[in-house]
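Each chain is listed here by its residues.
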2 protein chains.
Amino acid sequence: MKTLKIPEATIIRLSVYSRYLTQLDKNGITTISSGEIADGVGGTPAQVRKDLAYFGEFGTRGVGYNVRDLNEQIIKILGLSNKWNVVIVGAGNLGSALTQYKGFLERGFNVVAVFDNDINKVGLRLSGIPIYPIARAEEIVKQERVQIGIIAVPAPYAQEVADTLVQAGVKAILNFAPRVISVPDDIELRNVDLAVNLEILTFNLGMNKK
Amino acid sequence: MKTLKIPEATIIRLSVYSRYLTQLDKNGITTISSGEIADGVGGTPAQVRKDLAYFGEFGTRGVGYNVRDLNEQIIKILGLSNKWNVVIVGAGNLGSALTQYKGFLERGFNVVAVFDNDINKVGLRLSGIPIYPIARAEEIVKQERVQIGIIAVPAPYAQEVADTLVQAGVKAILNFAPRVISVPDDIELRNVDLAVNLEILTFNLGMNKK
């Protein structure tokens, strides 16, 4: 693999291509061109080729890509050849929705535990997944070889939860709380702000009026 | 405003800058450099300047930006000077979480109604917001001048809900269902896939091992 800096937008698109290829594969489609991928996901053929070129040569000129092979290579690039064990902190509405989100398991993310400090929730299960007190984070993370923690608690608790997850041994954190948090340099962190998606829509609505 | 094609990544970063500036403004900070913005949000000064340059000249060389002025200009660019009325379809865990998500109101998005066809939910309220049957979508969208609809229903119902929202008169749709949906060309559509965020983390975890 080249050591080029890969734009995050490329990673996001690879993820989208892979979903589309999975769907095609299920429907029995075996070969596809960059133009057809672009049409399927709303992009340009040049963008598709450029995104893939970061990672080597795929497909055959004039023939296209083998759907299943290309998808397997993208899945490998994205680090999804192995399953990942994930814990979710917060068993409120958002945490519950994430625990039951089918899109995670489809992509190889296996939620193994939910943590919450509400004694009325501890001991219950969400779609079969047990809810533990946060005090057991380190034990569960080690036992289940968890590498990713998802934060779905109210903003004031987000930093404390992040510290606990890092201490417990996770390597990456996905933060849904609308609060900037900090983690050590060797921990991967991604903040999800759900309002950003609405702002892209309103920006586009504004542009289209001009 | 220039008619340049603005990269979506720029819009996403503007949204992040604006949140950071809002926080600084609350803390009484009045002036900031592109380097300080970059440090605050995890980017580079050159990127900050390039993102802003799409929209004109801001700040004073050698002095920096006025925090509040810059934020107001970004808010205007993002189309957030006005409030937007939003409806959410689906009163399950995800719909409930989104209805109560504080990050929306902070950015000017006002959830005015939730739709669900579960007769046990219709007539109830989520954080004070009424739940209506989807049959009333057109009436509520017109009455409340709703421009944005959020889809938070299971995947098999997503296309049907999108059609209903378009028929009801919304101009933009944010789709959380893990299913590709289609809408007329004059409707803004954004598909949110929550697993993508995890895939960026696993990609980065893979890169850092090399």
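Computed from a predicted structure; not experimentally measured. (Residues numbered from 1 in each chain as written. Chains lettered and ligands numbered in written order. Predicted model: local features only at pLDDT ≥ 70, side-chain atom pairs only at ≥ 80, totals over all residues. Heavy atoms only, no water.)

### Section: unusual backbone geometry
Alright, step 1. Although it is not a glycine, Ser127(A) sits at a positive phi angle of roughly 50°.
Alright, step 2. By secondary structure assignment, the location of Ser127(A) is in the loop between strand S5 (125–126) and strand S6 (129–132). (Helix = DSSP H or I, 4+ residues; strand = E, 2+ residues; numbered from the N terminus.)

### What about the UniProt feature "domain: CoA-binding" (unreviewed entry) in chain A?
Alright, step 1. Taken from the UniProt record, the annotation "domain: CoA-binding" (unreviewed entry) applies to residues 80–180 of chain A.
Alright, step 2. In the segment residues 80–180 of chain A, helix accounts for 30% and strand for 27%; the C-alpha atoms at its two ends are 27 Å apart. (UniProt positions renumbered as here; feature names shortened; annotations may be inferred.)

### Some words on the UniProt feature "binding site: NAD(+)" (unreviewed entry) in chain A
Alright, step 1. Under the UniProt annotation, the feature "binding site: NAD(+)" (unreviewed entry) is placed at Gly90(A), Ala91(A), Gly92(A), Asn93(A), Leu94(A) and Gly95(A).
Alright, step 2. Relative to the assigned elements, Asn93(A) resides in helix H5 (residues 93–99).
Alright, step 3. On the basis of relative accessible area, Asn93(A) is assigned to the partly exposed category, the value being 27%.
Alright, step 4. Apart from the residues within four sequence positions on either side, Asn93(A) is in contact with Asn93(B), Ser96(B), Ala97(B) and Gln100(B).
Alright, step 5. Following the sequence through the fold, Leu94(A) ends up in helix H5.
Alright, step 6. Overall, the relative accessible area of 15% leaves Leu94(A) in the buried class.
Alright, step 7. Residues contacting Leu94(A), with those up to four places away along its chain left out, are Ala152(A), Phe176(A) and Ala97(B). (Buried < 20%, exposed > 50% of the residue type's maximum accessible area, 1.4 Å probe, protein only. Contact = heavy atoms within 4.5 Å.)

### Quick look at the packing of helix H1 (residues 8–26) of chain B against helix H4 (residues 67–77) of chain B
A pair of packed helices can be characterised by two numbers: the angle between their axes and the separation between those axes.
Residues and elements named next belong to chain B.
Alright, step 1. It is at 9 Å that the axes of H1 and H4 come closest, and there the two elements cross at 145°. Remark: the crossing between H1 and H4 carries left-handed chirality. Contacts from Leu 14, Tyr 17, Ser 18, Leu 21, Thr 22, Leu 24 and Asp 25 of H1 reach H4 at Val 67, Arg 68, Leu 70, Asn 71, Ile 74, Ile 75 and Ile 77.
Alright, step 2. Taken together, the residues that form the contact of H1 with H4 break down as nine nonpolar, three polar and two charged. (Axes fitted to C-alpha atoms, helices over the stretch in contact; angles between N-to-C directions. Left-handed = near helix turned anticlockwise from the far one by under 90°. Nonpolar A, V, L, I, M, F, W, Y, C, P; charged D, E, K, R; others polar.)

### Regarding the nonpolar core
Alright, step 1. Within the largest apolar cluster, 104 residues are counted, with the highest numbers of intra-cluster contacts made by Phe104(A) and Phe104(B).
Alright, step 2. For Phe104(B), the residues in contact, after removing those within four places along its chain, are Leu194(A), Ala195(A), Leu198(A), Leu98(B), Phe109(B), Val111(B) and Ile150(B). (Core = buried A, V, L, I, M, F, W, Y, C linked by side-chain atoms within 4.5 Å.)

### Things to note about the sheet that holds strand S5 (residues 125–126) of chain B
Residues and elements named next belong to chain B.
Alright, step 1. Pairing is mixed across the open sheet formed by seven strands, whose spatial order is S5-S6-S4-S3-S7-S8-S9. Only two strands of the sheet have a single neighbouring strand rather than two, namely S5 and strand S9 (188–191).
Alright, step 2. One ladder, built from two bridges, connects strand S4 (residues 109–115) with strand S6 (residues 129–132); its direction is parallel. Counted as the bridge partner of Phe 115 is Tyr 132 from S6.
Alright, step 3. Strands in contact with helix H8 (residues 158–168) are strand S3 (84–89), strand S7 (148–151) and strand S8 (172–175); relative to S7, the strand with the most contacts, it is inclined by about 170°. (Pairing = 2+ DSSP bridges.)

### What about the domain arrangement of chain A?
Alright, step 1. Its domain assignment divides chain A into domain 1 (8–77) and domain 2 (84–195).
Alright, step 2. The gap between the C-alpha centroids of domain 1 of chain A and domain 2 of chain A is 31 Å. (Domains from an automatic or database assignment.)

### Points about the relation of the copies chain A and chain B
Alright, step 1. Superposition record for chain A on chain B: RMSD 0.0 Å, screw rotation 180°, translation along axis 0.0 Å. Viewed as a symmetry operation, the transformation between the two copies matches a two-fold axis. Across chain A, the rotation axis passes nearest the C-alpha of Asn93(A), at a separation of 2.6 Å.
Alright, step 2. Same-surface contact between copies: 100% of interface residues of chain A are shared with the interface of chain B. (Least-squares fit on C-alpha atoms with pLDDT ≥ 70 in both.)

### Looking at the pattern of salt bridges
Alright, step 1. The final tally for this structure, using the stated rule, is 16 salt bridges over all chains.
Alright, step 2. We note a salt bridge from Arg107(A) to Glu199(B), for which the minimum N-O separation is 2.7 Å. Taken together, the residues Arg107(A) in the loop between helix H6 (102–106) and strand S4 (109–115) and Glu199(B) in helix H9 (residues 194–209) connect one chain to another.
Alright, step 3. Asp51(B) is the partner of Arg13(B) in a salt bridge, and the nearest nitrogen-oxygen pair spans 2.7 Å. Residue Arg13(B) is found in helix H1, and its partner Asp51(B) is found in helix H3 (residues 45–53); the two are separated by 38 residues along the sequence.
Alright, step 4. Relative accessible area serves as the criterion here: at 0%, Asp51(B) is assigned to the buried category.
Alright, step 5. Taken together, the salt bridges that share partners define one network made up of Arg19(A), Arg107(A), Asp193(B) and Glu199(B). (Salt bridge = Lys/Arg side-chain N within 4 Å of Asp/Glu carboxyl O.)

### Comments concerning the interface of chain A and chain B
Alright, step 1. With 55 residues of chain A at the interface, the matching set in chain B holds 55 residues.
Alright, step 2. Around 5,100 Å² of area is buried between chain A and chain B when both sides are counted, 72% of it from carbon and sulfur atoms.
Alright, step 3. Sorting the residues of chain A by area buried against chain B places Leu198(A), Glu199(A) and Phe203(A) first, and these three jointly supply 13% of that buried surface.
Alright, step 4. Linking chain A to chain B there are six salt bridges.
Alright, step 5. With a shortest N-O distance of 3.1 Å, Arg19(B) and Glu199(A) are connected by a salt bridge.
Alright, step 6. There are 18 residue pairs in polar contact (both at pLDDT 80 or more) connecting chain A and chain B.
Alright, step 7. Secondary structure elements with two or more residues in the side of chain A that touches chain B: helix H1 (8–26), H5, H6, strand S7 (148–151), strand S8 (172–175), strand S9 (188–191) and helix H9 (194–209) of chain A.
Alright, step 8. For the side of chain A that touches chain B, the element with the highest residue contribution is H9(A), accounting for 14 residues.
Alright, step 9. Here the side of chain A that touches chain B is built from residues that sort into 35 nonpolar, eleven polar and nine charged. (Buried area = accessible area lost by both parts, 1.4 Å probe. Polar contact = N/O pair within 3.5 Å; in protein donor to acceptor, adjacent residues only side chain to side chain.)

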